[in-house]
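Here is how the chains run, residue by residue.
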Amino acid sequence: MSWKLTETYDSPQGQVRWASFGDGPPVVLLHGTPFSSYVWRDVAAGLATRHRVYVWDMPGYGLSEKRAGQDVSLAAQQEVFTGLLEHWGLRSPAVVAHDFGGAVSLRTALLDGVRYERFVLVDAVSLRPWGSNFFRLVHDNADVFEALPPQLHEALVRRYIATAAHRELPSPTLDALTEPWLGETGQPAFYRQIAQADERHTQEVEDRYGDLDCPVLIAWGREDSWLPAERGTRLAQQIPGARLELIDDAGHLVQEDAPARLTGLLADFLAH
């Protein structure tokens, strides 16, 4: 499936590529790491029958700008997201955020005071500790990994992304998720975003999750090996009134493992 982000936004951290489609109340989808908005393609198509859907690639990811010295930290992405919502003229959209995007959207709500109509956190980076053993290894040795020969780097990235899903990813999907991290620009960008991941950026807001004042749905792949489902249970306990839904036979990449079930769950929640 072709996935094109035809619009641009010049953020403080580089040019952001984005797109919107459909008609109805606005809903914004945030991707995680090391992914891009491509993971939302099927869900976005389903939601666009009743919503105006906004998708974007964070700076340093997907089709958006990647450059040496770029700040792609959670705090930087928070600043970009807040500015992007202003650019779109969205005052109180519904927000659906996966993985790293969860932390970005939580910070935007709690630190920048941005209101959401409804809020969905999907296998979200939110509670410490987070990051797989591999993620931590690369985080502590990013310079070493960045020097890998391109063929070894590609094999590493492909295998790493594959472990996020509970089912085997089709080759075209794995190709599309891997491609942004290849070449002279992509390879250093992959290690840059891991090196800049810092748990203090969730620590700064963890004790404020109870302040969220909109309806919250927490969706989690029951077979998530990156962020185990008990994290979703813990997160739901910290947000009064939050609804928790565990999705069977789905891993961290719920969008790929169970797109129809996730779309139905989101459509139902966003409609009420």
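Residues numbered from 1 in each chain as written. Predicted model: local features only at pLDDT ≥ 70, side-chain atom pairs only at ≥ 80, totals over all residues. Heavy atoms only, no water.

Participant: Run through the overall build of the chain, naming residues and quoting values.
Facilitator: Counting its regular elements, the chain contains 12 helices and 8 strands. Computed over C-alpha atoms, the radius of gyration of the chain comes to 17 Å, within 12% of the 19 Å expected from 2.2 N^0.38 for 272 residues, which places it in the range of a compact globule. Taking the principal axes of the C-alpha coordinates as reference, the chain spans close to 50 × 35 × 35 Å. Counting every position in the chain, which comprises 272 residues, the buried fraction comes to 58%. When the accessible area of the chain is evaluated, it comes to approximately 11000 Å², of which 48% is carbon and sulfur surface. Each charge class in the chain was averaged separately, 24 positive and 37 negative side chains, and the resulting centres sit 3 Å apart. (Helix = DSSP H or I, 4+ residues; strand = E, 2+ residues; numbered from the N terminus. Rg over C-alpha atoms; globule rule 2.2 N^0.38 Å. Buried < 20%, exposed > 50% of the residue type's maximum accessible area, 1.4 Å probe, protein only. Areas by Shrake-Rupley, 256 points an atom, 1.4 Å probe, with all protein chains shown as cover. Lys, Arg positive; Asp, Glu negative; His and termini not counted. Charge placed at Lys NZ, Arg CZ, Asp CG, Glu CD.)

Participant: Can you break down the packing of aromatic side chains residue by residue, with the values?
Facilitator: All told, the structure shown has 17 aromatic pairs when counted by the stated rule. Arranged with centres 5.0 Å apart and planes meeting at 90°, the rings of Phe190 and Tyr191 form a pair that is edge-to-face. Residues Phe190 and Tyr191 agree in their burial class; the two are buried. Taken together, Phe35, Tyr61, Phe100, Phe134, Phe145, Tyr160, Trp181, Phe190, Tyr191 and Trp226 form an aromatic cluster joined through their ring pairs. (Phe/Tyr/Trp six-rings, centres within 6.5 Å; stacked < 30°, edge-to-face > 60°.)

Participant: Before we move on, can you summarise the sheet that holds strand S1 (residues 7-11) with the specific residues and values?
Facilitator: With mixed pairing, the 8 strands of this open sheet are ordered in space as S1-S2-S4-S3-S5-S6-S7-S8. Strand pairing shows two members of the sheet lacking a second neighbour, S1 and strand S8 (243-247), which therefore form its edges. Between one strand axis and the next, the sheet turns through 20° on average, direction left out of account. Relative to strand S7 (residues 216-221), strand S6 (residues 119-122) runs parallel, the two being bridged by 4 bridges. Bridge assignment links Val122 to a residue of S7, and that residue is Ala219. (Pairing = 2+ DSSP bridges. Axes fitted to C-alpha atoms, helices over the stretch in contact; angles between N-to-C directions.)

Participant: Run through the layout of surface pockets, naming residues and quoting values.
Facilitator: A volume near 160 Å³ is recorded for the largest pocket. Along its surface, the largest pocket is lined by Trp3, Ser36, Ser37, Tyr38, Asp57, Gly62, Leu63, Lys66, Ala176, Glu179 and Pro180. Residues of the lining of the largest pocket, tallied by class, amount to 5 nonpolar, 3 polar and 3 charged. (1 Å grid on protein atoms, 1.4 Å probe; cavity = no way out; pocket = protein on both sides within 12 Å on 5 of 7 lines; lining within 4 Å. Points joined across faces, edges and corners; volume = space filled by probe spheres on them. Nonpolar A, V, L, I, M, F, W, Y, C, P; charged D, E, K, R; others polar.)

Participant: So, the packing of helix H4 (residues 133-140) against helix H8 (residues 183-195): which residues are in play, and what are the values?
Facilitator: Each pair of packed helices gets described by two things: the angle between the helix axes and the distance between those axes. Remark: H4 packs on H8, axes separated minimally by 8 Å, with the N-to-C direction vectors making an angle of 100°. The orientation of H4 with respect to H8, classified from their angle, is roughly perpendicular. Contact with H4, carried on its side by Phe135, Val138 and His139, involves Tyr191, Ile194 and Ala195 of H8 and no other residues of that element. Here the contact of H4 with H8 is built from residues that sort into 5 nonpolar, 1 polar and no charged. (Parallel < 35°, antiparallel > 145°, perpendicular 65-115°, else oblique. Contact = heavy atoms within 4.5 Å.)

Participant: Tell me about the packing of helix H2 (residues 74-88) against helix H3 (residues 100-111), residues and numbers included.
Facilitator: For the pair H2 and H3, interaxial distance at closest approach is 9 Å and the crossing angle is 65°. It follows from the interaxial angle that H2 and H3 lie roughly perpendicular. Handedness of the crossing formed by H2 with H3: right-handed. Contacts between H2 and H3 pair Leu74, Ala75, Gln77, Gln78, Phe81, Thr82 and Leu85 from the former with Phe100, Ala103, Val104, Ser105, Arg107, Thr108 and Leu111 from the latter. For the contact of H2 with H3, a count of residues per class yields 8 nonpolar, 5 polar and 1 charged. (Left-handed = near helix turned anticlockwise from the far one by under 90°.)

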